[in-house]
Amino acid sequence: MRIAKVIVDVPANSINQTFDYLIPEKFLDILKVGMRVTVPFGPRKIMGFVVGKAEESTFKSLREIEQVLDVTPVLTEELLHLGEWVAKDTVSLYITALQAMLPQVLKAQYKKELLRNTDASLSQELEHLFAGRDVIAYEEFEGASVSYYQLQKAVQDGDLVVKYLVHSKITKKYVTMVQPAREGYLLEEALQDLSKNAMKQRELLGYFIENPQPIEKKLLLKKFQTTSSTIRTLIDKSLIETTQVEVYRDPHQQQFHKTTALPLTEEQEQAITPIKQNIANDEHDVFLVHGVTGSGKTELYLQAIQDVIMKGQEAIVLVPEIALTPQMVNRFKGRFGSKVAVMHSALSAGEKYDEWRRIHQKEVQVVVGARSAIFAPFENLGIIIIDEEHEATYKQEDQPRYHARDVAIQRGKTHHCPVVLGSATPTLESFARAQKGVYKLATLRKRTNDKEMPPVEIVDMRAELHAGNRSMFSRTLMDKMENCLSKGEQIVLLLNRRGYSTFVMCRDCGHVKECPHCDIALTYHKNFNHLKCHYCSYEEPMPTNCPECNSDLIRYFGTGTQRVEEALTKLLPEAGIIRMDVDTTRRKGSHETLLRKFANKEASILLGTQMIAKGLDFENVTLVGVLTADSMLHLPDFRSSEKTFQLLTQVSGRAGRHELTGEVIVQTYTPDHYSIELASEYDFEGFYKKEMATRKTFQYPPFFFLALITVSHTNKVTAVQTTNHIVQQLLQHVSNNTVVLGPSPSPVPRIKDRYRYQCMIKYKNEPQLRDMISSITEQFKEATQKGDLLITVDMQPHHLM
DNA sequence: AGCACGCCGACT
DNA sequence: GTCGGCGTGCTC
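Residues numbered from 1 in each chain as written. Chains lettered and ligands numbered in written order. Predicted model: local features only at pLDDT ≥ 70, side-chain atom pairs only at ≥ 80, totals over all residues. Heavy atoms only, no water.

Caption draft 1: Region of the structure containing the protein's contact with DNA strand C. Lining the immediate environment of DNA strand C, one finds 17 residues, of which Asp-20, Pro-40, Gly-42, Phe-59 and Arg-63 sit closest. Here, DNA strand C places atoms within 4 Å of the protein, and 61% of those atoms are sugar or phosphate. Contact between DNA strand C and Tyr-21: a phosphate oxygen at 3.1 Å from a side-chain N or O atom of the residue. At 3.0 Å, a backbone N or O of Pro-40 approaches a phosphate oxygen of DNA strand C. When residues of the surface near DNA strand C are traced back to their parent elements, those giving at least two are strand 2 (19-22), strand 3 (36-41) and helix 5 (148-156). Element by element, the count of residues in the surface near DNA strand C is highest for helix 5, at four residues. Looking at the surface near DNA strand C residue by residue, the class counts come to nine nonpolar, five polar and three charged. (Near = heavy atom within 4 Å. Polar contact = N/O pair within 3.5 Å; in protein donor to acceptor, adjacent residues only side chain to side chain. Helix = DSSP H or I, 4+ residues; strand = E, 2+ residues; numbered from the N terminus. Nonpolar A, V, L, I, M, F, W, Y, C, P; charged D, E, K, R; others polar.)

Written out as structure tokens, the structure reads:
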């Protein structure tokens, strides 16, 4: 096998294919499929993945692989195929799919250098630039005022060479170990010869005579209260030596309480049995575990994984980013100890790489992680679990736009292992499949502590307004909060802010400050007294007068967590408040610190956005308040009802999880909306029926599949025309019951001065659709290449923005 | 995507 | 002769 098939690191449509390279003699034995290599590509040198080998090539002259970057393949054959599948399924490039499977640090970085290739003198300007050096970075040339023409000539004459470098960002962490460099008896001899004053040296030598094994330098210094200079002297005498040993950064260095399997309830037992059978028989089924919050889904996962580990297989557990709290991680580490790797975005790039390597080198059998952990390089998967399967974070919002659930099922099929989806509020798609028998449904109706879900009271904020209460807290909520505080119990307050930001409006003329580059209202940021655009980061100071009518009655509207906090401090001055939002949790670890404070009862109220709705478990919380339940109900999104229902159900589960009984207050301006009403009754099936009916009439999932093509251009007319062109072409080829809509303006019609129009496709069965879309977008490749036209394709979009 | 190459027009 | 600015086409 002298020829390697390589997917090169060039994300372009015309390069979306394998390129053949000759494998040089010296690499014949070591080069394996799945390794990264560097190859010459045109004039430059780039990184690529070997995806296959062959004996022959249709190409007459092949260039050689230049370098092999890995010792063992970073991608298994299974992952290579999976990447191909992902690329096809999401209409994206193979290379993009492969990159998505690996930690960021394995991505190549490119650099150019200029090498002097002659002793004869160069032109005056070039000599000045090189200033006596033989090599300079290409950027230096670009920054200098030397013409490109000169460079070109020097290169042509062979006086200069442009060198293309590929290097990876790999950062390994090392510790210095100290160990004896001589046999024990030689050390003893040396000890005799040492001067009497050399106390520290004597101590150290004495130690190494007793303990010849390597010891960490830091530890050694501490143990003998000495400094590096002592070690230095001993090294100079060739008595001891140091080595660099690679270590993994451990992001979770605490101790974990070992836990063992808990007895299961009858319901749990019934749910887990078919999953265990699947595991035992190497069968693949998709299970939907529909269990109310607190019904012990996690214990199910743990026990199923236990079976998998006993079988010598591996497990992937996906958890939404936001729920990847220490509480959650502790449960897995507590049960499986060091067999667990954790992957989430709060880890540094180096830490992510270390966790990935622990999987890659088979040091762990379980990975608990966010979306991308679905690509964990396990070769012997025994189970894949997706907790809170309805969460939107499982859908990647940039290329490749894959859904972790789809990838999981794909992997489950190839590995003949079960895929378990768990949720208290499954997506309509999954629940519908379970109803049809495509997925196996298991329902957990009871909470393990046998407690009822806390009662939910809906408060009509319109009535509050009519009664003269203009504050953001209803009288009921105020009463309950005071009552709760007087008993020394704790409160969780949710401010549902999505689609409800703090915009600036003039009270005189109604003018709303919008971003000059995007069609969206600017958001007010109090700490800087600035207005900011969430789409393009445009900023301007808060105006004192209205730019339209010059009135000074220009104010900001909407409720941010900061404002709620201020109001709350005034009303309940004695209550400590912890605010959790993007602003207060930006710093690494601040999330945990705030939660720990709340757990230690350093504050009585936890106020926050979406992020506090999930997974938190505090025994002293008896009241949950939702300040604005309907804020996202009116977004132009077919999932808005479903999302509202999910959020309300999730947050209600935060109250009264233990001894104390809890209650929930939901404030809303649309108290009779079915998603709010049914959420307050914990009636998932009722909601399912109702929502399915609307989805059916409006031809949305799960009745239809969706595809969204967004076209953007600086020229509005071009954007509309191109979209229209796409629509027309699709209409010619799709089947009768497929609906093609558009061109219609995107919900945010302009971002960064680019107009955005979209085409939506609703289809039931359209096997050729992906190919159709590819060939249509291919027609616009000239315009797309020039960069003024942008076409993005989202198969199964999660929202329509 | 990047890069070379080639053609053109401009400036000195 | 020296330079920059595009449009075009290729990369195993």
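Caption draft 2: Summary view of the side chain of Ser-551. Tracing the chain through its elements places Ser-551 in the loop between strand 24 (539-541) and strand 25 (554-556). Discounting residues that sit within four places of it in the chain, Ser-551 has contacts with Cys-506, Asp-508, Thr-544, Asn-545 and Cys-546. (Contact = heavy atoms within 4.5 Å.)

Caption draft 3: The arrangement of the protein's contact with DNA strand B in detail. In the region of DNA strand B, the neighbouring residues are Val-10, Pro-11, Ala-12, Ser-14, Pro-43, Arg-44, Lys-112, Tyr-148 and Tyr-164. Expressed as a percentage, the sugar and phosphate content of the atoms of DNA strand B within 4 Å of the protein is 76%. Of the residues contributing to the surface near DNA strand B, the split by class is six nonpolar, one polar and two charged.

Caption draft 4: Spatial organisation of the sheet that holds strand 24. Taking strand neighbours across the sheet as the criterion, the three strands line up as 22-23-24 in an open arrangement whose pairing is antiparallel. For this open sheet the edge positions go to strand 22 (523-525) and strand 24, each flanked by a neighbour on one side alone. Put simply, the sheet's adjacent strands are angled 30° from each other on average, direction ignored. (Pairing = 2+ DSSP bridges. Axes fitted to C-alpha atoms, helices over the stretch in contact; angles between N-to-C directions.)

Caption draft 5: Structural detail: the packing of helix 15 (residues 428-436) against helix 22 (residues 684-697). At their nearest, the axes of helix 15 and helix 22 sit 11 Å apart, and the two run at 100° to each other. Viewed along their axes, helix 15 and helix 22 adopt a mutual orientation that is roughly perpendicular. Seen from helix 15, the contacting residues are Leu-428, Phe-431, Ala-432 and Gln-435; seen from helix 22, they are Phe-684, Glu-685, Phe-687, Tyr-688, Glu-691, Met-692 and Arg-695. Here the contact of helix 15 with helix 22 is composed, by residue class, of seven nonpolar, one polar and three charged. (Parallel < 35°, antiparallel > 145°, perpendicular 65-115°, else oblique.)

Caption draft 6: How the structure looks around unusual backbone geometry. Cis geometry marks the peptide bond from Pro-701 to Pro-702, where omega comes out at 5°. Relative to the helices and strands, Pro-702 resides in the loop between helix 22 and strand 30 (705-713). A cis amide bond, omega -5°, links Gly-742 with the succeeding residue Pro-743. Residue placement: Pro-743 occurs in strand 31 (residues 739-751). A positive phi angle is found at Tyr-682, which is not glycine, with a value near 55°. Turning to its location among the elements, Tyr-682 is positioned in the loop between helix 21 (674-680) and helix 22. Despite not being glycine, Lys-752 shows a phi value in the positive range, around 50°. Within the secondary structure, Lys-752 sits in the loop between strand 31 and strand 32 (754-763). The exposed category is assigned to Lys-752, whose relative accessible area is 51%. (Buried < 20%, exposed > 50% of the residue type's maximum accessible area, 1.4 Å probe, protein only.)

Caption draft 7: Fine view of the sheet that holds strand 19 (residues 456-460). Strand order in this open sheet of six strands is 19-29-28-20-27-26, and the pairing throughout is parallel. Either end of the sheet is taken by a strand with one partner, and the two such strands are strand 19 and strand 26 (577-580). Pairs of neighbouring strands in the sheet enclose a mean axial angle of 15°, with direction left out of account. When strand 20 (residues 490-494) meets strand 27 (residues 605-608), the two strands line up parallel, connected through four bridges.

Caption draft 8: Examining the pattern of salt bridges more closely. Scanning all chains against the criterion turns up 36 salt bridges. Among the salt bridges present, the one from Arg-401 reaches Asp-794, with a minimum N-O distance of 3.4 Å. Of this pair, Arg-401 sits in the loop between strand 16 (381-387) and helix 14 (404-415) while Asp-794 sits in strand 33 (residues 789-795); the two residues are 393 residues apart in sequence, bridging distant segments of the chain. Across the salt bridge formed by Asp-581 and Arg-579, the nearest N and O atoms sit 2.7 Å from each other. For the pair Asp-581 and Arg-579, a shared accessibility class is recorded, and that class is buried. (Salt bridge = Lys/Arg side-chain N within 4 Å of Asp/Glu carboxyl O.)

Caption draft 9: How the structure looks around the UniProt feature "binding site: Zn(2+) 1" (unreviewed entry) in chain A. UniProt feature "binding site: Zn(2+) 1" (unreviewed entry): in the numbering of this structure it lies at Cys-506, Cys-509, Cys-546 and Cys-549. Across 44 residues in sequence, these annotated residues keep their C-alpha atoms within 8.6 Å of one another, forming a single compact spot. Along the chain, Cys-509 falls in the loop between strand 21 (504-506) and strand 22. In this view, Cys-509 contacts Cys-546, Glu-548 and Cys-549; residues no more than four positions away in its chain are not counted. The residue Cys-549 is located in the loop between strand 24 and strand 25 in this model. (UniProt positions renumbered as here; feature names shortened; annotations may be inferred.)

Caption draft 10: Just the domain arrangement of chain A, in detail. In terms of domains, chain A is made up of domain 1 (3-107), domain 2 (110-166), domain 3 (266-444), domain 4 (456-500 + 559-694) and domain 5 (705-794). The centre of domain 1, based on its C-alpha atoms, is set 29 Å off from the matching centre of domain 3. Each partner contributes residues to the interface: domain 1 has 20 residues there, and domain 3 has 18 residues. At the boundary of domain 1 with domain 3, total buried surface from both sides reaches about 1,600 Å², with 72% on carbon and sulfur atoms. Our count for the contact surface shared by domain 1 and domain 3 stands at one salt bridge. Here Glu-78 ties to Arg-411 by a salt bridge, and the two come within 2.9 Å at their closest N and O atoms. For the interface between domain 1 and domain 3, the tally reads three residue pairs in polar contact (both at pLDDT 80 or more). Elements with a minimum of two residues in the side of domain 1 that touches domain 3: helix 1 (77-89) and helix 2 (94-100). Looking at which element gives the most residues to the side of domain 1 that touches domain 3, the answer is helix 1, with five residues. (Domains from an automatic or database assignment. Buried area = accessible area lost by both parts, 1.4 Å probe.)

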